[in-house]
Amino acid sequence: SARHVVDYAKRFEATRARLTSPDCFLPPRLVRSAADGSLVLFFGSGISLAAGMPSWGGILERNGLHPDDWNDPIAKDDYLTLAELAAQSHGVERFRRGVRSAFPTQLAPTSAHFLLAALGLRMYITTNYDTLFEQAWARVWGDGSAKPGEAGATARPGGADAPRPL
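Treat the numbers as computed from the prediction; the structure is a model and nothing was measured.

The next subject is the packing of aromatic side chains. Any pair of aromatic rings gets described here by the distance separating the centres and the angle formed by the planes. Inspection of the entire model under this criterion finds five aromatic pairs. Ring geometry for Tyr124 versus Trp137: centroids 5.8 Å apart, planes at 80 degrees, classification edge-to-face. Of the two residues, Tyr124 sits in strand S2 (residues 123–126) while Trp137 sits in helix H8 (residues 132–141), which places them 13 residues apart along the sequence. For Trp137, a relative accessible area of 9% gives the class buried. A connected cluster of aromatic rings, assembled from ring pairs, spans Phe43, Tyr124, Phe133, Trp137 and Trp141.

With that settled, consider the nonpolar core. In terms of nonpolar packing, the biggest core is built from 14 residues, with Phe43, Leu116, Ala117, Tyr124, Phe133, Trp137 and Val140 touching the most fellow members. If you list the elements that add at least two residues to this core, you get helix H7 (111–118) and H8. For this core, the leading source of residues is H8, giving five residues. Setting aside its immediate chain neighbours within four residues, Phe133 contacts Phe43, His113, Leu116, Ala117 and Tyr124. With eleven residues, the next largest nonpolar core counts Ile59, Leu65, Ala75 and Leu82 among its residues.

It is worth spelling out the environment of Gly52 at this point. By the element assignment, Gly52 lies in the loop between strand S1 (40–43) and helix H3 (56–62). Residue classification places Gly52 among the partly exposed residues on the basis of a relative accessible area of 39%. Remark: the alpha-carbon pair of Gly52 and Phe103, spanning 51 residues in sequence, is separated by 8.6 Å. Ignoring any residue separated from it by four or fewer positions in sequence, one finds Gly52 in contact with Pro104 and Leu107.

Right, let's get into a nonpolar patch on the surface. Residues Val40, Phe42, Met123 and Ile125 make up a contiguous nonpolar surface patch of about 380 Å² in total accessible area. Secondary structure elements with two or more residues in the nonpolar patch: S1 and S2. Along the polypeptide, Ile125 turns up in strand S2.

Summing up the model confidence of the protein chain, the mean pLDDT is 76 and the portion of residues at 70 or higher is 72%. Every residue in residues 145–161 is under pLDDT 50, and counting partners more than four places away or in other chains gives 31 contacts.

The subject of this paragraph is the packing of helix H5 (residues 79–90) against helix H6 (residues 92–102). Axis separation between H5 and H6 bottoms out at 6 Å; the angle between their running directions is 125 degrees. Put simply, H5 runs oblique to H6. Packed against H5, whose contacting residues are Ala83, Ala86, Ala87 and His90, the element H6 presents Val92, Arg94 and Phe95 at the interface.

Analysis parameters
- Residues numbered from 1 in each chain as written.
- Predicted model: local features only at pLDDT ≥ 70, side-chain atom pairs only at ≥ 80, totals over all residues.
- Heavy atoms only, no water.
- Phe/Tyr/Trp six-rings, centres within 6.5 Å; stacked < 30°, edge-to-face > 60°.
- Helix = DSSP H or I, 4+ residues; strand = E, 2+ residues; numbered from the N terminus.
- Buried < 20%, exposed > 50% of the residue type's maximum accessible area, 1.4 Å probe, protein only.
- Core = buried A, V, L, I, M, F, W, Y, C linked by side-chain atoms within 4.5 Å.
- Contact = heavy atoms within 4.5 Å.
- Patch = residues over 30% accessible without salt bridge, like charges linked within 9 Å, V, L, I, M, F, W, Y side chains within 5 Å.
- Areas by Shrake-Rupley, 256 points an atom, 1.4 Å probe, with all protein chains shown as cover.
- Salt bridge = Lys/Arg side-chain N within 4 Å of Asp/Glu carboxyl O.
- pLDDT = per-residue confidence, 0-100.
- Axes fitted to C-alpha atoms, helices over the stretch in contact; angles between N-to-C directions.
- Parallel < 35°, antiparallel > 145°, perpendicular 65-115°, else oblique.

Below you can see the structure in the form of structure tokens.
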């Protein structure tokens, strides 16, 4: 639940200093980046699969991608090319409608979304087509004016440059 993630965020902040400890067995550059606030996290749409978002493979399969296209040695692992083939085969508008209908409308962020948000990093990079991370961010950090548990705080991690969708 969001409450558990907020508690986690508090504990994470309390232990962030330990990342620079000589006893820490994480890669040194990763540790320095986390400690100095320059760590950038990249994640893709796989994080939203557990919430019920479809994979590109699932979308293409649902929209009737021809079996020969799946087995094409050049395109078989290239979902963008496979989507182009499906759009050409079924018609662009029909394919777009099929893709749009594949996305559930009432989904909630997963624990992974909340835990990533609880890190409170200054920058996140994602290829996601959903807003589940942004929803988790809003629930963990509220309006962005303070870290969870900080009475009277005036800024959240990253301040004015808090993560926002582009």
